[in-house]
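Listed here are the chains, written in short residue letters.
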Amino acid sequence: MTRDPRHDILFTPLQIGPKTAKNRFYQVPHCNGGGYRDPSAVAEMRRTKAEGGWGVIFTEQTEIHPTSEITPFIEQHLWEDKDIPALAAMADAMKSNGALAGIQLAYSGINGPNLYSREVPLAVTGGPILTFTSDPVQARTMDKQDIRDLRHWFRAAFRRSQEAGFDLICLYGAHGFGILQHFLSRATNHRTDEYGGSLKNRSRFIREIIEDARETTKGELAVTLRLSLHEAGTLGFSNAELRDFIAMHADLPDLWDLAHGTWEACSGTSRFKPEGAQEDLVAGIKALTSKPVVGVGRFTSADAMVRQIRSGILDFIGAARPSIADPFLPKKIEEGRYEDIRECIGCNICVSGDMTGAISRCTQNTAFMEEWRKGWHPERARPKGASESVLIVGAGPTGLEAALQAAKRGYKVTLAEATTTLGGRVARERQLPGLSTWGRVADYRTGQLAPLPNVDIYRDSRLTADDLLAMGADHVAIATGATWRRDAVARVHLHPIPTDPAMPIYTPDDLMAGNAPEGRHVTLYDDDHFYMGSVLAELLLAKGNSVDFITPAVKVAEWTDNTLEQGVIMRRLLELGVTVHLSKAPEVIGAHEIILGCIWTGRQTSLAADAVVLVTSRQPNDSLFHATRALDWAGAGIKTLQLIGDAAAPGPIAWATYAGRNWAEGLDQQQDPDTPAFRREITALDPGPTRLPQPLPQHVGNAQALRKKALLPPNAPIRQGPPQPICRRTPQ
Ligand code: ADP
Ligand code: SF4
């Protein structure tokens, strides 16, 4: 395999200030749900990117001071010298293969509720904290001394970043999360002093801070600036104003790192944003500066990357999700192994790990964030154990991943699939509006399995329990998936509801099989809350139906807040003419109408319908497993028999691929059931300082209490002490 010479340009080095990147693959900062809680897991994850050939690798958002933190989201802290070792370990891992190590420094201002540190939030202009969770907290407007303090805290962070061994410092002013953007934008900067008003004034803090960075690091580190390409709203920092800013400060940072407005806009899912979606916003900016420009666009195609560089739009190909889905993307392009690229499907399950305070996972790269915890690798598999053969029943995402990982370990793999198509649920869901990219889950795995000599795939082979026993495999995994229920059982209804048989009921499986109502008045009940309900509403509309969308939640598809899609889903349904009924659930399904109950008051209303679509929950297809377990499978020579994936516990596709890998990794491994199946770090107890009795200040404290303890003479004057500063302030 050789690389297409057209792609050579991606492997030309480029200077970033005092540093040189070995190629054009630039892993922009991205969260991972682990952050400061899981330092070794994060460091090892970044090490795989170094191994995979990235030229520049960044940390996630690193909070520089406790007066601005975004709990419950778990990012990095660089609050004191004690934070340096964890970040130094990460920098070390990043540089292990010649990459430049970058740290993204953030002060969140109006975006940081300080739920952990309990400090008063400081903002360019005070007001309610602008977070996803509408925290009932306001920030105080910074005065001049606060701004001097902030510069001081940034300088401390620059010094610590250098001590930790980073090559690049990224100043975060994008996605609405960073105070640099809050200074620039008239939406968040209402100041009347020299930091507000004109663009020149609003840029002042950035100029100062970049100067500070250069001075503190003695010009040895590159300083990059990450800004939003376009902030919506009449007073937002628009694309036009960004261009004015860049023209005004063309050579200020060592590199311009540009990303669309909000995080939701920047990291849109493939359902709503194609590859390279930010091109219009970034095109032409390179002409305004002599410094390199990096932009993102969920790039996975080498041709698309080359086009960005050749046409003078970008110098570096920025990537977060493509680098998560395939940490070896650069290496595979370098070696011409294009068919081995594990392309991101744009599902944003990785984002949901950060949004839920869990550790992130990736639908495509099952090793993501398990590199240290479980010793998994995105490319390599551990050698097989003593057994020889495995049988996997069902070729959905679970079965395909199980087969691939077991085969890579060296087992002889038999994969049996009841239908003629490989992919299971993905083969069906990829046909739905907006979900075609999800087909990559099946395509990548079938493509990887095809050339392997130790894999036999049988299509059109619905196995029975007797078949399983007769096949003589050492280990059997049953990955037979799940079926959508047609009785409304999910979260609101734990038992079936009364349903008139005259009302046509459809499930997602019916619609995906092509059995959808046409030209009728359809009521869709969504007690699943993820993507399926809204996707099917789109499908029903395309078939000429009118749609009433019923959800017991206070918003449609509420879990998609975690994939950054909820707002855009709501907008799309309303624009398409779907009638949305919030906080309602069906209580009775009649022949021609549905009785809806209000979730809060129980008040009933009726809604006429020709057909009902139930998007509720799924029933595991586990009958084959139970039938086999009832037989003497051990006597037939089977060492382990396991139910995995959706057949065990239905969940998102990422849960299925993970289950497949977990099963394959566990073959011939002993796991102590009394300890966690993964490594973790436990916060170390701080050994000191020992709490010795402190001499009492004369002028502070609770007078009554002190008098009671006879520590103050009865007539001693008591005066209230000055409030203790939360931190040392810099001299005026
Ligand atoms: P998962 O997400 O866990 O992979 P899917 O529903 O996507 O689950 O895939 C399950 C696959 O198992 C489907 O392709 C289905 O056709 C297949 N299957 C179900 N029962 C059998 C069986 N008895 N023998 C072989 N394949 C089966
Ligand atoms: Fe891409 Fe989905 Fe993996 Fe995120 S979870 S990197 S969006 S495939």
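Residues numbered from 1 in each chain as written. Chains lettered and ligands numbered in written order. Predicted model: local features only at pLDDT ≥ 70, side-chain atom pairs only at ≥ 80, totals over all residues. Heavy atoms only, no water.

(A) How the structure looks around empty space enclosed by the protein. What the rule picks out here adds up to six cavities of 30 Å³ or more. Considered as a void within the structure, the largest cavity measures approximately 90 Å³ in volume. In this structure, the largest cavity is lined by 13 residues; those nearest its centre are C344, I345, C347, C350 and C362. Considering every element that reaches the lining of the largest cavity, the biggest residue donor is helix α11 (residues 321-325), with three residues. Class assignment of the residues belonging to the lining of the largest cavity gives a composition of seven nonpolar, four polar and two charged. The calculated volume of the second largest cavity comes to roughly 60 Å³. Contributing to the lining of the second largest cavity are I345, C347, I349, T363, W438, F530, Y531, P652 and I653. Considering only residue class, the lining of the second largest cavity consists of eight nonpolar, one polar and no charged. (1 Å grid on protein atoms, 1.4 Å probe; cavity = no way out; pocket = protein on both sides within 12 Å on 5 of 7 lines; lining within 4 Å. Points joined across faces, edges and corners; volume = space filled by probe spheres on them. Helix = DSSP H or I, 4+ residues; strand = E, 2+ residues; numbered from the N terminus. Nonpolar A, V, L, I, M, F, W, Y, C, P; charged D, E, K, R; others polar.)

(B) Structural detail: the site of ligand 2. Around ligand 2, a shell composed of 14 residues is seen, among which C344, C347, N348, C350 and C362 lie nearest. Comparing atom positions with the cavity grids shows ligand 2 to sit within the largest cavity. Taken together, the elements giving at least two residues each to the shell around ligand 2 come down to α11 and α13 (349-355). In terms of residues, the shell around ligand 2 owes the most to one element, α11, which gives three residues. (Near = heavy atom within 4 Å. Sits in = over half its atoms within 2 Å of the grid points.)

(C) Geometry of the packing of aromatic side chains. One pass over the full model with this rule turns up 21 aromatic pairs. Taken together, a centroid distance of 6.3 Å and an interplanar angle of 75 degrees make the contact between F237 and F245 edge-to-face. Each member of the pair, F237 as well as F245, carries the same accessibility label: buried. Through pairs of rings, three or more aromatic residues link up here, namely F73, F132, Y172, F177 and W263. A cation sits over an aromatic face here: R361 above Y658, 5.3 Å from the ring centre. Sitting over the face of the ring of Y411, K384 holds its NZ or CZ atom 5.9 Å from the ring centroid. (Phe/Tyr/Trp six-rings, centres within 6.5 Å; stacked < 30°, edge-to-face > 60°. Buried < 20%, exposed > 50% of the residue type's maximum accessible area, 1.4 Å probe, protein only. Lys NZ or Arg CZ within 6 Å of the ring centre and 35° of its normal.)

(D) Representation of unusual backbone geometry within the structure. T71 connects to P72 through a cis peptide bond whose omega is 15 degrees. With respect to the element layout, P72 can be found in the loop between β4 (56-63) and β5 (76-77). Positive phi, normally seen in glycine, also occurs at S134, with a value near 45 degrees. As for its placement among the helices and strands, S134 is situated in the loop between β8 (127-128) and β9 (138-141). Taking the relative accessible area as the measure of exposure, S134 reaches 58% and is therefore exposed. The phi angle at S583 is positive, at roughly 55 degrees, despite the residue not being glycine. Mapped onto the secondary structure, S583 falls in the loop between β23 (579-581) and β24 (584-589).

(E) Fine view of the pairing of β9. Where strand β7 (residues 122-123) lies against β9, two bridges are found, and the strand directions are parallel. Among the inter-strand pairings, A123 is bridged to a residue of β9, identified as T141. Note: β8 against β9, two bridges, orientation antiparallel. Within the sheet, the bridge partner assigned to P128 lies in β9 and is Q138. (Pairing = 2+ DSSP bridges.)

(F) Fine view of the site of ligand 1. The local shell around ligand 1 holds 23 residues, among which T398, E417, A418, R425 and D646 are the closest. Here an oxygen atom of ligand 1 and a backbone polar atom of P397 are 3.1 Å apart. Measuring from a nitrogen atom of ligand 1, one finds a backbone N or O atom of L463 at 3.1 Å. When ligand 1 sits alone it has 580 Å² of accessible area, and the protein chains cover 92% of it. Looking at side-chain class alone, the shell around ligand 1 contains 10 nonpolar, nine polar and four charged residues. (Polar contact = N/O pair within 3.5 Å; in protein donor to acceptor, adjacent residues only side chain to side chain. Areas by Shrake-Rupley, 256 points an atom, 1.4 Å probe, with all protein chains shown as cover.)

(G) Highlighting the packing of helix α1 (residues 39-51) against helix α2 (residues 84-94). One can describe the packing of α1 onto α2 by two numbers: an axis separation of 7 Å at closest approach and a directional angle of 15 degrees. By the angle between their directions, the pair α1 and α2 is classed as roughly parallel. With respect to the hand of their crossing, α1 and α2 are arranged in right-handed fashion. Contacts from P39, V42, A43, R46, R47 and A50 in α1 reach A86, A89, M90, A93 and M94 in α2. For the contact of α1 with α2, the per-class residue count stands at nine nonpolar, no polar and two charged. (Axes fitted to C-alpha atoms, helices over the stretch in contact; angles between N-to-C directions. Parallel < 35°, antiparallel > 145°, perpendicular 65-115°, else oblique. Left-handed = near helix turned anticlockwise from the far one by under 90°. Contact = heavy atoms within 4.5 Å.)

(H) Local environment of the pairing of strand β29 (residues 640-643). With burial as the criterion, only one face of β29 is covered, namely that bearing L641 and L643; the residues T640 and Q642 on the opposite face remain uncovered. Relative to β29, strand β18 (residues 475-478) runs parallel, the two being bridged by four bridges. Looking across to β29, one finds that I478 is bridged to L643.

(I) Just the sheet that holds strand β25 (residues 593-598), in detail. Spatially, three strands are ordered β24-β25-β26 in an open sheet, and the strand pairing comes out antiparallel. Two strands close off the open sheet at either side, each with one partner strand: β24 and β26 (604-608). Recorded for the sheet is a direction-independent mean angle of 35 degrees between the axes of neighbouring strands.

(J) Just the packing of α2 against helix α3 (residues 144-164), in detail. Packing of α2 against α3 brings their axes to within 8 Å, and their N-to-C directions diverge by 50 degrees. When the axis of α2 is compared with that of α3, the two are oblique. In this structure, α2 crosses over α3, and the sense of that crossing is right-handed. For the pair α2 and α3, contact is made by I84, L87, A88 and A91 and by R160, E163 and A164, respectively. The residue makeup of the contact of α2 with α3, split by class, is five nonpolar, no polar and two charged.

(K) Representation of helix α10 (residues 302-310). By the burial criterion, the buried members of α10 are A302, M305, V306, Q308 and I309. Axial view of α10: buried residues confined to an arc of 155 degrees, hence all on one face. Those residues of α10 that are buried lie in contact with β3 (25-27), α9 (279-282), β14 (316-319) and α12 (329-334). One or two residues past the end of α10 sits G312, with phi positive at roughly 75 degrees. (Arc of directions from axis to C-beta.)

(L) Quick peek at the pattern of salt bridges. The final tally for this structure, using the stated rule, is 47 salt bridges. For D212, the salt bridge is made with R151, and the minimal N-O distance between the two is 2.8 Å. A residue pair is termed long-range when its members are at least 10 positions apart, and D212 in helix α6 (residues 204-216) and R151 in helix α3 qualify at 61 residues. We classify D212 as buried; its relative accessible area is 4%. As a salt-bridge pair, E335 and R337 come within 3.0 Å of each other at their nearest N and O atoms. Given the relative accessible area of 34%, E335 is considered partly exposed. (Salt bridge = Lys/Arg side-chain N within 4 Å of Asp/Glu carboxyl O.)

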